[in-house]
Amino acid sequence: IVIGYALEVAARGFPLTHQRLKEAVNKICCARLGDAFPAMGVGKQWTNCFVEKYSDCLKMFWSSKLDSKRG
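Residues numbered from 1 in each chain as written. Predicted model: local features only at pLDDT ≥ 70, side-chain atom pairs only at ≥ 80, totals over all residues. Heavy atoms only, no water.

Per an unreviewed UniProt entry, the recorded name for the chain is HTH CENPB-type domain-containing protein, and the organism is Dendrothele bispora.

Below, the structure is given as structure tokens:
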């Protein structure tokens with residue numbers, strides 16, 4: 001579910017930052033697990049580990065200004 005969501009928003013032109021990924025995962029897990037999910041959410045390094053584990057599907061990259069791509 002998380003990979004599908006990340007790919008969907010990236011395809012629309014709004015790739016997730018680590019902070020936005022963490023927020024999305026917390027919402028998804030809270031909705032699915034309810035009170036069983038900790039109130040503080042996933043850990044500090046969770047997004048780094050997640051992206052590394054699924055590096056075949058997800059990639060990190062630096063974006064550049066649109067102006068530098070025009071020319």
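Back to the text.
Each helix and strand in the chain was counted, giving 4 helices and 0 strands. If you list the helices and strands of the chain from N to C, you get α-α-α-α. Residue burial in the chain is summarised as follows: out of 71 residues, 21% are buried. Excluding contacts between residues fewer than 6 apart, the proportion of contacts in the chain whose partners are at least 24 apart in sequence is 50%. Put simply, the chain shows about 6,000 Å² of open surface, and 58% of that area lies on carbon and sulfur atoms. (Helix = DSSP H or I, 4+ residues; strand = E, 2+ residues; numbered from the N terminus. Buried < 20%, exposed > 50% of the residue type's maximum accessible area, 1.4 Å probe, protein only. Contact = heavy atoms within 4.5 Å. Areas by Shrake-Rupley, 256 points an atom, 1.4 Å probe, with all protein chains shown as cover.)

We now examine the nonpolar core. Ranked by size, the top nonpolar core spans 10 residues in total: V2, I3, A6, L21, V25, F37, V42, F50, V51 and L58. Taken together, the elements giving at least two residues each to this core come down to α1 (2-11), α2 (18-33) and α3 (46-53). It is α1 that provides the largest number of residues to this core, a total of 3 residues. F50 has contacts with V2, I3, L21 and L58, leaving out every residue within four places of it along the chain. (Core = buried A, V, L, I, M, F, W, Y, C linked by side-chain atoms within 4.5 Å.)

Before going further, it helps to examine the packing of aromatic side chains. Using the criterion set out here, one finds 2 aromatic pairs in the structure. Ring geometry for W46 against F50: centres 4.8 Å apart, planes inclined by 15°, an arrangement best described as stacked. Remark: F50 and W46 occur in helix α3; sequence separation between them is 4 residues, near one turn of the helix. Through successive ring pairs, a cluster of aromatic residues spans W46, F50 and Y54. (Phe/Tyr/Trp six-rings, centres within 6.5 Å; stacked < 30°, edge-to-face > 60°.)

Following the sequence through the fold, V51 ends up in helix α3. V51 sits in the buried class, given a relative accessible area of 12%. Along the chain, V51 and I3 lie 48 residues apart, while their C-alpha atoms are 9.4 Å from each other.

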